[in-house]
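Notes for the structure review
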Amino acid sequence: MNLHVNAMWSTLHFPAAMRSLNPTTRAKAIEIANSLLEQGQLTNHQVVATSIDEARRWARLGSAKPEWITTSVGTFA
């Protein structure tokens, strides 16, 4: 049986295309890429491109939301 297993990436070992991302966005891209690799439905090039796009989208949405919106606020009667 011939199984081809793609190497998983880490914050120390990642594709060169992720080098320009800030560390937080890069970590998210690595997380997404590893998840896509596990699914095994895309080529490595597609995995890298998709994970970078999704991580950038995640960063934009996360930074656009003010911190005070995510905190729980008590109600007053």
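Our subject is the structure listed above.
Structural notes, computed from the coordinates. (Residues numbered from 1 in each chain as written. Predicted model: local features only at pLDDT ≥ 70, side-chain atom pairs only at ≥ 80, totals over all residues. Heavy atoms only, no water.)

This brings us to the pattern of salt bridges. Evaluated as defined, the whole model comprises 2 salt bridges. Note that Lys28 and Glu31 form a salt bridge whose closest N and O atoms lie 3.4 Å from each other. Taken together, the positions of Lys28 and Glu31, both in helix H1 (residues 23-39) and 3 residues apart, correspond to about one turn of that helix. Using a relative accessible area of 48% as the deciding quantity, one classes Glu31 as partly exposed. The closest approach of N and O atoms between Glu54 and Arg57, which form a salt bridge, is 2.5 Å. Of this pair, Glu54 and Arg57 are both found in helix H2 (residues 44-64), 3 residues apart, which corresponds to roughly one turn of the helix. Residue classification places Arg57 among the partly exposed residues on the basis of a relative accessible area of 37%. (Salt bridge = Lys/Arg side-chain N within 4 Å of Asp/Glu carboxyl O. Helix = DSSP H or I, 4+ residues; strand = E, 2+ residues; numbered from the N terminus. Buried < 20%, exposed > 50% of the residue type's maximum accessible area, 1.4 Å probe, protein only.)

Turning our attention to the nonpolar core. Formed by 13 residues in total, the largest nonpolar core has its most connected members in Trp9, Met18, Leu21, Ala29, Ala33, Val47 and Ile52. A per-element tally of this core places H1 first, with 6 residues. Discounting chain neighbours no more than four positions away, the residues touching Ala29 are Met18, Leu21, Ser51, Ile52 and Ala55. (Core = buried A, V, L, I, M, F, W, Y, C linked by side-chain atoms within 4.5 Å. Contact = heavy atoms within 4.5 Å.)

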